[in-house]
Every structure is written in C-alpha cells, then in structure tokens.
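Coordinate analysis (summary)
Chain residues, written in single-letter form:
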Amino acid sequence: MDKRSICFILIALLFAKPLFAIAQEIFTDVNLPMMNFTPESGLSQVTVNAITQDKTGFMWFGTQTGLNRFDGYEFVQYRATPASKNHLAGNFITALQSCDENGLWIGTTSGLSLYDINTGLFRSFIKSFNPTIPSDNVQKIICSKEHIFVGTQANGAYRISLDDFKVTILHGTQNLKVMDMKLSLNHVFIATDEGLFSVERKTYELKKHTNKALNTIAILENFIAAGRNDAWLEYYKINDSNLDLKWRHSLTENDKNTIKVVIKQSNMIYVGTTLGVSIFDTKGQLLQTYQHNDLISNSLADDIVLSLFIDNKLGLWIGTNSGGVSYFSNEIKKFGHVNHQNYQESPIDHVDIRAFSSDAKGQLWFATTKGAYAVSYTHLRAHETVLDL
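Summary of the structure given here.

Residues W105, L112, F125, I141, I148, Y158 and I160 are the most contacted members of the largest nonpolar core, which totals 15 residues. Of all the elements in the fold, those that place two or more residues in this core are β8 (111-116), β10 (138-143), β11 (147-152), β12 (157-161) and β13 (167-169).

A full pass over the atoms with the stated rule returns one disulfide. Shown here is the disulfide that connects C99 with C143, its sulfur atoms set 2.4 Å apart. Here the disulfide of C99 and C143 is left-handed, its torsion about the S-S bond being about -100°. Of this pair, C99 sits in the loop between β6 (93-98) and β7 (103-108) while C143 sits in strand β10, and the two are 44 residues apart along the sequence.

Time to look at the sheet that holds strand β4 (residues 66-70). Read from one edge of the open sheet, four strands run β2-β3-β4-β5, paired in antiparallel fashion. The outermost strands of the open sheet, each flanked by one partner alone, are β2 (48-53) and β5 (75-78). Along the sheet, successive strands turn relative to each other by an average axial angle of 20°, direction set aside. Relative to β5, β4 runs antiparallel, the two being bridged by four bridges. Bridging across to β5, L67 finds its partner in Y78.

Across all of its chains, the model carries twelve aromatic pairs by this definition. Seen from their ring centres, W247 and F280 are 5.7 Å apart, and the 25° between their planes marks the pair as stacked. With W247 in strand β21 (residues 242-250) and F280 in strand β24 (residues 276-281), this pair connects stretches of sequence that are 33 residues apart. The same class applies to W247 and to F280, which are both buried. Over the face of the ring belonging to Y204 we find R159, whose NZ or CZ atom lies 3.5 Å from the ring centre.

Next up on the list: the pairing of strand β23 (residues 268-273). Across the six residues that make up β23, a large majority, five, are buried. Two elements, strand β22 (residues 259-265) and β23, share six bridges in a ladder whose sense is antiparallel. Pairing of Q265 across the sheet is with M268, part of β23. Hairpin connection of β22 to β23: two residues between the antiparallel strands, including S266 at a positive phi of 55°. Judged from the six bridges that link them, β23 and β24 form a sheet pairing that is antiparallel. Residue pairing in the sheet places Y270 in a bridge with I279 of β24.

Spatially, β10-β11-β12-β13 is the arrangement adopted by the four strands of the open sheet, whose pairing is antiparallel. One side of each edge strand has no neighbouring strand; the edge strands of this open sheet are β10 and β13. For this sheet, the mean angle separating the axes of adjacent strands, direction not counted, is 25°. Where β10 meets β11, five bridges bridge the pair, whose relative direction is antiparallel. Bridging from a neighbouring strand, C143 pairs with I148 of β11.

Let us look at the pattern of salt bridges. Summed over the entire model, instances satisfying the criterion amount to four salt bridges. Among the ionic pairs, R228 bridges to D230, the shortest N-O distance being 2.7 Å. Between R228 and E234 there is a salt bridge; the shortest N-O distance is 2.7 Å. As far as burial versus exposure is concerned, R228 and E234 are alike and both buried.

So, how was this worked out
- Residues numbered from 1 in each chain as written.
- Predicted model: local features only at pLDDT ≥ 70, side-chain atom pairs only at ≥ 80, totals over all residues.
- Heavy atoms only, no water.
- Core = buried A, V, L, I, M, F, W, Y, C linked by side-chain atoms within 4.5 Å.
- Buried < 20%, exposed > 50% of the residue type's maximum accessible area, 1.4 Å probe, protein only.
- Helix = DSSP H or I, 4+ residues; strand = E, 2+ residues; numbered from the N terminus.
- Disulfide = S-S within 2.5 Å.
- Pairing = 2+ DSSP bridges.
- Axes fitted to C-alpha atoms, helices over the stretch in contact; angles between N-to-C directions.
- Phe/Tyr/Trp six-rings, centres within 6.5 Å; stacked < 30°, edge-to-face > 60°.
- Lys NZ or Arg CZ within 6 Å of the ring centre and 35° of its normal.
- Salt bridge = Lys/Arg side-chain N within 4 Å of Asp/Glu carboxyl O.

What follows is the structure in structure tokens.
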C-alpha cells in the first residue's frame with residue numbers, strides 16, 4: 001500500500017467518530033454529569049429564586065428561607081434578623097446582584113440588603129429606618145457605576161447612591177408594579193403592569209412610552225425588545241428620550257399565551273412564552289418556533305418556559321415549568337433534555353427552572369423549586385467531544 005492510500009485511510013478514521021457522534025441524540029441517553037444541592041447538602045431550602053456569582057468566585061443562592069453562599073465544597077447559610085440595620089433584611093430572597101468588587105445586593109420581600117464581601121457584614125435598607133424607601137418588597141435590582149436601582153412589587157422604583165447611600169424616589173413610579181428593569185447608556189427602562197417607562201439617568205425625568213402591561217424587556221445596544229403580558233413582542237429604537245416602534249409581532253395563538261422572558265444574543269431575540277420558544281432577528285422576522293410535541297422525542301420538554309440562558313458556545317438552555325431543562329445545541333441544531341424521563345439518573349425530576357447562571361469554573365447553575373443544580377462543562381466535553389460545550 002502506497003503512502004497516499006495510508007494517508008487517506010488515516011484521515012477517514014480520524015473523522016469517522018465525530019460523524020457518527022453527530023447523528024446521536026444530545027443528552028437523551030448519556031450520563032450528563034450533574035450535581036444536585038438540597039437541604040441535605042446544606043442549602044437552606046429547595047425553592048431557589050435567584051443565583052449569582054460574586055467577584056471572588058463564591059456562588060450565591062437566594063431561597064424562600066434564606067441566603068446561601070457556596071464555595072464549591074460547603075454551604076454557609078445567612079438568616080434574617082427582623083428590623084435590624086446590620087443583618088439580612090429578610091429570608092424570602094427575590095433578587096441577587098453582584099455590582100462591584102466589594103458588594104452583593106440582596107432583594108427580599110422584607111427589604112434590601114448589602115453584603116460586604118471583605119468584612120462579611122450586612123447593611124440593610126428598610127422603610128422603618130428610612131421613610132424615603134417606598135416599599136420593602138423588592139422585586140428587581142440593577143446597578144450602574146454610581147447607583148443601585150431597585151424595583152418594588154407595587155410601589156415603583158428608587159435609587160441608592162453608592163457614594164453616600166442616599167435614597168431617592170424615582171418620582172412618578174410610586175404606584176407601579178415593577179416587572180423588570182434594564183439599563184441603557186442614558187436611561188433606566190422599567191417594565192410595569194401599566195406599560196414601559198424610562199428614567200433619564202442625568203435629569204431623572206420620567207417618561208411613559210407604552211400602555212400595555214409588560215413582563216420582561218431586553219436591551220440590544222440602541223434598541224429595546226419588550227415582551228407584553230398579552231403575548232405581543234415589540235421592538236423599539238431608542239432615540240434620546242423617545243422610542244420609535246420598528247415592529248411588533250403577536251405570539252397569541254389563544255388568550256392563554258403570555259411572554260415570560262426575553263433575552264438577546266448578538267442580532268437574535270429569544271422569547272420564552274407559555275406556548276414555547278420563538279426566535280426573531282432584529283428585523284422582526286420570526287426565524288424559528290420550538291414547542292412540545294408528544295410524537296417527537298427530542299422536541300421542547302414543556303411549552304411553559306420560565307427562563308432562558310445562552311452559554312459561551314451559543315447553546316440555548318431553556319428552563320421549563322414541568323419538563324426540567326431543554327438544551328438546543330447551536331452546533332448540531334438538535335434538542336436534548338436534562339430530566340428524569342430522558343436520563344434516569346438525573347436529579348432533575350419535574351421541577352420548574354426559575355433562573356440560570358454560570359460560574360468562573362465553567363459550570364452552569366439552575367435555580368429550581370427543588371434545589372440548585374450544577375452541570376460541569378469540562379466533564380461534558382470529555383464525554384461527548386463533538387458537542388464541545
């Protein structure tokens with residue numbers, strides 16, 4: 001056999017395994033390396049509403065009965081002391097936001113707290129200590145270099161200066177139920193049950209842009225995508241203090257559908273609804289819709305989508321109400337499911353996925369009503385190299 005023939009055979013063997021692997025299902029029959037964290041592991045409670053990672057690498061989990069810090073080996077639990085300035089404000093955690101090198105902001109139904117990572121001390125912002133605060137029921141937290149912006153359940157929004165911790169009401173929002181908040185270069189956008197509002201970040205002038213109830217918004221450079229409660233998706237160009245509607249699209253096949261979450265990635269808009277996932281480009285063209293189909297094993301696990309996450313390889317993770325986690329590989333263009341039906345050893349068993357986060361070690365974290373879960377990217381890559389997460 002000549003050298004040319006030997007080279008041809010070697011090349012064929014080299015590519016034989018990946019070609020075979022591409023034809024296989026993703027996550028359906030493989031042992032996905034996954035860890036489950038519950039009260040038996042040290043987590044304070046199974047319903048995890050929020051996850052984040054601080055600048056030092058610690059993972060933080062907000063549950064309905066306390067705050068939890070995880071160092072990769074064990075949990076440390078933090079419990080509230082009611083009406084105390086120097087303790088966690090409440091145990092029902094609604095939001096977590098790591099905003100700088102020193103601080104972790106914690107939203108609860110009983111007030112807002114700041115945890116100093118260097119000293120290990122809390123500082124709480126409660127209405128009984130500062131009457132300027134409109135409500136202790138915190139729903140959303142976002143941060144800029146100068147301020148923390150806080151949205152409440154039914155009493156609008158306020159800001160806190162990071163220099164002197166002065167609290168200032170965002171006037172005009174006092175009676176609004178804040179559903180979501182996002183920062184653009186010059187504005188704070190607030191999605192509420194009465195429409196979309198913006199606050200100019202220099203003058204703090206409030207302006208109302210729409211009237212329909214919103215659940216979620218996403219900023220794409222100079223554009224904003226707004227997901228309405230009635231399942232309309234709207235896309236606006238941000239022009240100074242005005243919004244110019246570029247397009248809108250109805251996802252309402254029936255009166256029961258609503259948009260739960262909107263995220264963006266490059267020039268794509270991902271929309272999670274109670275009837276599946278829809279993907280749009282920024283021109284308003286509907287590119288793809290994913291829904292559950294009982295006759296297709298690798299369809300979306302469940303149509304009620306609660307959370308979405310794009311990983312660093314542009315894979316789409318979908319947290320559902322009752323089907324666990326679905327994953328869509330950007331490379332192979334197929335769905336895989338991480339749940340008890342498709343992977344018997346999976347600890348995820350009919351739980352609703354509330355939120356996603358990733359850490360510095362390359363692990364993806366799920367927040368659910370039955371605890372926290374972590375998936376190791378490195379182990380998954382070793383098991384199925386063609387997926388290459």
